[in-house]
Amino acid sequence: MTMDQQWGDIMDETEFGYPAQQEIVDGDIKKIISYEDRDEKMVKVTRYYKLTKLKVPKPIAERKKWKKFGDCQADGPGINPANSMVGDAVFLTLATKKEQQEKKDDDVAEKMAKLKASGQGMVVCRICKGPHWTKQCPYKDTLGVALDVQQEEANSVKPPTRAPGAYVPPSIRKGEPQDSQSRQRDENPTIRVSNLAEETSEKDLQDLFKPFGPVSRIYLAKDKNTGISKGFAYITYNRRESAESALQTLHRYRYGHLILQVEWAKPSGS
């Protein structure tokens, strides 16, 4: 506003009562003078920009020539700060396979640490029932011998005799080869987990058992009518070492408000 201009003259210059924006270019410096309403007062705002030449791809250069519309219809080339705002730059960082594997290992280690710190009863010795690993049991040389004898006696129990003419499943007939699917299921290391809550899902079991090794199959027994868990499931691993680690770690493990019971799954023919 100059000294010889009146306020009413300025109000008539623009539609909203503010003087038009001015642009002054001096070499590589661009000065933009605009007027804004702040606290019910007209304030003169002067912005300075340094002009630089940047080589951009051809499609971007073509977009700059597009005709503007809306509130920017009367604006010249470039951005008008009065009605446009430049957002923050967003950079995309792609993770490599090595970083993904390290993150996965860290997640497994974190889950194992939570399992170990979750409370008593997670690790139970099979010999003396103490809170330690079976191989670290101080009574392994004494009580362990009696346990081995009991296991040998249990393994030596003869199967019950069947009445003549009774039906015998093909999978347990003498001399009859088992079907490939049944034989493969028996050979794979499978454990049975019971005492599960009704709201347990297959994803919960996946998160619980996957830290011990690759899981090839999870079967969660559900009621056919309601779809609610029956309280037990079968977990099949690719390696027997993974199954043994899961069994020793999660047997009598406190999961939710229940204590899990984990054991080796019996062969399909038994």
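Just so it is clear, the structure is predicted and the values come from calculations on it, not from any experiment.

Caption draft 1: Structural detail: the sheet that holds strand β2 (residues 29-38). Strand order across the open sheet formed by three strands is β1-β2-β3, with antiparallel pairing between neighbours. The open sheet has two edge strands with one neighbour each: β1 (22-26) and β3 (41-50). Mean inter-strand twist for the sheet, computed between neighbouring axes without regard to direction, equals 20°. Across ten bridges, the pairing between β2 and β3 is antiparallel. Note that in β3 the partner of D37 across the bridge is M42.

Caption draft 2: How the structure looks around the packing of aromatic side chains. Under the criterion given, the structure shown has two aromatic pairs. Ring centres 6.1 Å apart and planes at 85° place the aromatic pair F232 and Y234 in the edge-to-face group. Residue classification places F232 among the partly exposed residues on the basis of a relative accessible area of 22%. On the basis of relative accessible area, Y234 is assigned to the partly exposed category, the value being 25%.

Caption draft 3: Just helix α7 (residues 240-250), in detail. By the burial criterion, the buried members of α7 are S242, A243, A246, L247, T249 and L250. Backbone geometry just downstream of α7 places R252 in the positive-phi region, at approximately 65°.

Caption draft 4: Highlighting the confidence of the model for the chain. Looking at the chain, pLDDT values average 77 and 72% of them are 70 or higher. For the stretch residues 11-15, pLDDT sits under 50, and the model shows five contacts to residues farther than four places along the chain or on other chains.

Caption draft 5: View of helix α6 (residues 202-209). Listed as buried for α6 are L205, L208 and F209. In an axial view of α6, the angular spread of the buried residues amounts to 80°, which keeps them on one side of the axis.

Caption draft 6: Expanded view of the sheet that holds strand β4 (residues 190-194). If you trace the four strands from one edge of the open sheet to the other, you get β5-β6-β4-β9, paired in antiparallel fashion. The open sheet is flanked by β5 (215-222) and β9 (261-264), the only strands paired with a single partner. Going across the sheet, the axis of each strand differs from the next one's by a mean of 20°, ignoring polarity. One ladder, built from five bridges, connects β4 with strand β6 (residues 229-237); its direction is antiparallel. Pairing of I191 across the sheet is with I235, part of β6. Running at roughly 140° to β5, α6 makes contact with β4, β5 and β6 of the sheet. The strands touched by α7 within the sheet are β4, β6 and β9, with β9 carrying the most contacts at an inclination of about 150°.

Caption draft 7: Quick peek at the pairing of β6. Two strands pair when backbone bridges link them, and β5 and β6 are joined in this way by six bridges, in the antiparallel orientation. Along β6, the bridge assignment pairs L220 with A233. The loop that links β5 with its antiparallel partner β6 comprises six residues; one of these, G227, has a positive phi angle of about 75°.

Caption draft 8: Up close: the pattern of salt bridges. Tallying each qualifying case throughout the model produces eight salt bridges. Residue R38 is joined to E36 by a salt bridge in which the shortest nitrogen-to-oxygen separation is 3.0 Å. We classify R38 as partly exposed; its relative accessible area is 43%. Counted as one network, the salt bridges with shared partners bring together E36, R38 and R47.

Caption draft 9: Geometry of unusual backbone geometry. Not every positive phi belongs to a glycine, and D39 is a case in point at roughly 55°. By the element assignment, D39 lies in the loop between β2 and β3. The phi dihedral of R252 is positive, around 65°, even though this residue is not glycine. Inspection of the secondary structure puts R252 in the loop between α7 and β7 (254-255). Taking the relative accessible area as the measure of exposure, R252 reaches 33% and is therefore partly exposed.

Rules of the game
- Sequence order as written defines residue numbering, which begins from 1 separately in each chain.
- The predicted origin of the model limits local features to residues at a pLDDT of at least 70 and limits the giving and counting of side-chain atom pairs to 80 or more, whereas totals for whole chains, interfaces and linings rest on all residues.
- Side-chain figures throughout are based on the complete set of non-hydrogen atoms in the structure, without hydrogens or water.
- Each pair of strands is called paired provided DSSP finds at least two bridges between the two strands.
- For helices the rule is a DSSP run of H or I covering at least 4 residues; for strands it is a run of E covering at least 2, with both sets numbered from the N terminus onward.
- Throughout, an axis means a line fitted to C-alpha atoms (over the contacting stretch in the case of helices), and angles, computed between N-to-C directions, take values from 0 to 180 degrees.
- Only Phe, Tyr and Trp rings take part, Trp by its six-membered ring, and two of them pair if their centres are within 6.5 Å. Stacked means planes under 30 degrees apart, edge-to-face means over 60, and tilted covers everything else.
- Whether a residue is buried, partly exposed or exposed follows from its accessible area with a 1.4 Å probe, protein chains only, as a fraction of its type maximum: under 20%, in between, or over 50%, in that order.
- Confidence of the predictor at the level of single residues is captured by pLDDT, which takes values from 0 to 100.
- The contact definition used throughout considers only heavy atoms, calling two residues in contact when any of these lie within 4.5 Å.
- Each direction from the helix axis to a C-beta atom contributes to the arc, which is the arc of those directions.
- Put simply, a salt bridge is a Lys or Arg side-chain nitrogen that is within 4 Å of an Asp or Glu carboxyl oxygen.

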